[in-house]
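Now for the letters of each chain:
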Amino acid sequence: MDKLVIHGGRPLRGEIVIGGSKNAVLPMMAAAMLAEGRYALSNVPRLKDVRTMARLVEGIGVSVTAEGRNLILENPGCRTWEAPYDLVKTMRASIYVLGPLLARYGRAKVSLPGGCAWGPRPVNLHIEGMRKLGADVAIKEGYIVATAGKLKGARILFDKSSVGATANILLAAVLARGTTRIENAAREPEIDALCDFLNRMGGRIAGMGTGHLEIEGVDSLRPVSAEVIPDRIETGTYLVAGHITGGDLTLRRTRPDHCVAVIEKLRESGADVDEGPDWIRVRSGGQIRPTHVVTVEYPGFPTDMQAQWLALMSLAAGTSTVTDTIFHDRFTHVAELQRLGADLTIDRNVCVVQGTDFLSGARVMSTDLRASASLVLAGLVARGRTDISRVYHLDRGYERIEEKLGSVGADIRRESEKTTPS
Ligand code: EPZ
């Protein structure tokens with residue numbers, strides 16, 4: 001297992017190129033199960049979650065070849081209908097194969113994902129949605145076992161907006177007979193990107209970004225090539241890195257219009273932020289003002305930036321609050337940030353942050369992807385040395401984080417935990 005060793009205190013200056021979005025590419029890879037033939041995806045981030053999805057679709061019969069940042073998927077037809085526990089447990093997005101398998105082959109056996117580091121994450125909306133489309137769905141021995149004849153269009157009203165359930169229903173309804181209407185659909189850019197991808201394959205989806213999606217089912221789809229949109233959470237994380245270190249960072253090949261809420265909060269917290277069509281520059285004098293942040297669905301402040309924001313607010317001049325309305329228990333990073341000297345108090349889904357003058361390096365442990373990112377941010381500014389263990393969480397969603405941060409002046413390196421006990 002690897003760890004990251006950071007010596008904090010260096011302002012970050014320079015340019016970072018943002019990679020393709022993890023959460024956009026995963027459902028696009030699942031979409032390749034919907035039509036036989038060859039797909040070419042470009043701007044694909046080299047991440048562990050992408051490799052996990054590749055293994056999953058390969059197990060189902062789609063071959064996947066990585067050529068630099070391109071991913072070639074060849075679908076000769078499905079070999080099996082099963083997504084096994086061993087893969088699904090490592091990545092919840094594995095459930096994206098449920099919709100395509102049902103739509104294309106009329107059956108699916110997909111392991112239930114189980115909980116995650118910060119608590120239970122139900123998949124009831126995915127299951128209820130498939131039932132509305134006419135599938136028979138049962139839970140047997142930890143698996144979702146589903147069968148269907150031809151799926152039929154239906155009206156699906158989500159009582160909660162869910163990115164994953166919206167994607168899964170899209171992946172199924174695109175080949176259903178008749179029209180499906182999803183009310184309270186997720187409006188995240190990754191959902192728009194999936195709709196665009198499916199439409200290019202020959203799907204008929206309207207209403208992107210409105211919360212009301214209308215999907216007119218088609219008889220068949222065709223394979224296509226597509227470029228993956230930039231990762232807005234990687235972007236947000238590096239914007240915070242620029243501010244927290246009192247630096248001057250320009251992020252290239254990104255989409256400022258996907259990061260509006262984070263940019264607004266950065267300005268409110270004292271950073272200067274400029275933007276162009278595909279770049280964002282953050283400049284900071286090191287003065288961090290306290291803010292009140294509530295995570296909500298897009299276009300609001302993302303839950304995937306909550307942990308990183310807590311790291312920033314730990315050094316603000318005053319008291320801040322951060323409320324997570326999407327995942328109420330997503331606070332595993334709090335205890336680790338406290339080890340670095342942050343003054344944080346949790347009351348249900350609200351974290352009250354009393355800003356301190358400085359953080360101090362310590363040994364801390366990654367618990368999940370974004371929690372780990374918050375520890376890296378805190379480590380970049382903490383006095384002395386911070387060791388972050390279990391870096392594999394970061395490798396799920398940040399490509400070469402130590403190289404990108406190192407290239408703009410951070411003192412950060414990856415070490416094997418076995419060879420360098422500390
Ligand atoms: C997606 O997860 C992202 N993952 C998450 O990113 C992100 O945190 C989350 O959306 C919210 O933005 C991917 O895109 C692969 P949801 P997802 O279904 O789809 C409740 C990261 O760090 N819900 O939108 O699983 C749920 O409990 C990851 O990159 C149900 O009640 O999230 C939550 O409160 C982590 N029943 C809310 O909906 C369901 O069946 C939104 O969750 C499904 C969800």
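No experiment lies behind these values; they were computed from the predicted model shown.

Considering the packing of helix α6 (residues 163-173) against helix α7 (residues 189-200)
Phase 1: The geometry of α6 relative to α7 is characterised by a closest axis approach of 10 Å and an angle of 10° between their N-to-C directions. Put simply, α6 runs roughly parallel to α7. Packed against α6, whose contacting residues are Val-163, Thr-166, Ala-167, Leu-170 and Leu-171, the element α7 presents Ile-191, Leu-194, Cys-195 and Leu-198 at the interface.
Phase 2: Residue composition of the contact of α6 with α7, by class: eight nonpolar, one polar and no charged.

So, the domain arrangement of the protein
Phase 1: Per the domain assignment, the segments of the protein are domain 1 (2-18 + 230-416) and domain 2 (22-227).
Phase 2: For domain 1 versus domain 2, the distance between C-alpha centres works out to 30 Å.
Phase 3: Facing 23 residues of domain 1, the contacting portion of domain 2 comprises 19 residues.
Phase 4: Run the count over domain 1 and domain 2 and you get four salt bridges.
Phase 5: In this structure, Arg-46 and Glu-399 form a salt bridge, with 3.5 Å as the shortest nitrogen-oxygen distance.
Phase 6: Counting only elements with at least two residues in the side of domain 1 that touches domain 2, the list comes to α12 (369-381) and α13 (392-395).

A word on the site of the ligand
Phase 1: Asn-124, Ser-162, Gly-164, Asp-304 and Ile-326 are the nearest of the 23 residues found near the ligand.
Phase 2: At 3.3 Å from an oxygen atom of the ligand is found a side-chain nitrogen or oxygen belonging to Lys-160.
Phase 3: Arg-330 is positioned with one of its side-chain polar atoms (N or O) 3.2 Å from an oxygen atom of the ligand.
Phase 4: In isolation the ligand offers 830 Å² of accessible surface; the protein chains occlude 88% of this area.
Phase 5: Residue assignment for the shell around the ligand shows that the elements contributing at least two residues are α1 (22-31), α5 (124-132), α6 and α12.
Phase 6: Take the shell around the ligand: its biggest share by element is three residues, from α5.
Phase 7: Its residues placed into classes, the shell around the ligand shows 10 nonpolar, seven polar and six charged.
Phase 8: Each of domain 1 (2-18 + 230-416) and domain 2 (22-227) contributes no fewer than three residues to the shell around the ligand.

Details of the pattern of salt bridges
Phase 1: Inspection of every chain in the model, using the stated rule, returns 29 salt bridges.
Phase 2: A salt bridge links Arg-38 to Glu-74; the shortest N-O distance between them is 3.4 Å. One end of the pair, Arg-38, is in strand β3 (residues 37-42); the other, Glu-74, is in strand β5 (residues 70-75), with 36 residues separating them in the sequence.
Phase 3: Across the salt bridge formed by Lys-404 and Glu-234, the nearest N and O atoms sit 2.8 Å from each other. Here Lys-404 is found in helix α14 (residues 401-406), whereas its partner Glu-234 is found in helix α8 (residues 232-244), with 170 residues between them in sequence. Across the pair, exposure class does not vary: Lys-404 and Glu-234 are buried alike.

Here we look at the packing of α5 against α6
Phase 1: The N-to-C vectors of α5 and α6 enclose an angle of 25°; their axes lie 8 Å apart at closest approach. Here α5 lies roughly parallel to α6, going by the angle between them. The two elements α5 and α6 cross, and the hand of that crossing is right-handed. For the pair formed by α5 and α6, the contact residues are Leu-125, His-126, Gly-129 and Met-130 on the first element and Gly-164, Ala-165, Asn-168, Ile-169 and Ala-172 on the second.

Some details on the sheet that holds strand β11 (residues 179-183)
Phase 1: Read across the sheet, four strands follow the order β10-β11-β13-β12 without closing on themselves; strand pairing throughout is mixed. Two strands close off the open sheet at either side, each with one partner strand: β10 (155-157) and β12 (204-206). Taking each pair of neighbouring strands and ignoring which way they run, the sheet shows an average axis angle of 15°.
Phase 2: The strands touched by α6 are β10, β11, β12 and β13 (212-216); relative to β11, the strand with the most contacts, the crossing angle is about 175°.

Description of the sheet that holds strand β15 (residues 248-252)
Phase 1: Strand order in the open sheet formed by four strands is β2-β15-β17-β16, with mixed pairing between adjacent strands. Each edge of the sheet is formed by a strand with only one pairing partner; in this case those strands are β2 (13-17) and β16 (272-275). Geometrically, the sheet is characterised by an average inter-axis angle of 15° between neighbouring strands, direction not taken into account.
Phase 2: Alignment of β2 against β15, held across five bridges, turns out to be parallel. The partner of Val-17 across the bridge, within β15, is Arg-252.

Thresholds, definitions, all that
Residues numbered from 1 in each chain as written. Predicted model: local features only at pLDDT ≥ 70, side-chain atom pairs only at ≥ 80, totals over all residues. Heavy atoms only, no water. Axes fitted to C-alpha atoms, helices over the stretch in contact; angles between N-to-C directions. Helix = DSSP H or I, 4+ residues; strand = E, 2+ residues; numbered from the N terminus. Parallel < 35°, antiparallel > 145°, perpendicular 65-115°, else oblique. Contact = heavy atoms within 4.5 Å. Nonpolar A, V, L, I, M, F, W, Y, C, P; charged D, E, K, R; others polar. Domains from an automatic or database assignment. Salt bridge = Lys/Arg side-chain N within 4 Å of Asp/Glu carboxyl O. Near = heavy atom within 4 Å. Polar contact = N/O pair within 3.5 Å; in protein donor to acceptor, adjacent residues only side chain to side chain. Areas by Shrake-Rupley, 256 points an atom, 1.4 Å probe, with all protein chains shown as cover. Buried < 20%, exposed > 50% of the residue type's maximum accessible area, 1.4 Å probe, protein only. Left-handed = near helix turned anticlockwise from the far one by under 90°. Pairing = 2+ DSSP bridges.

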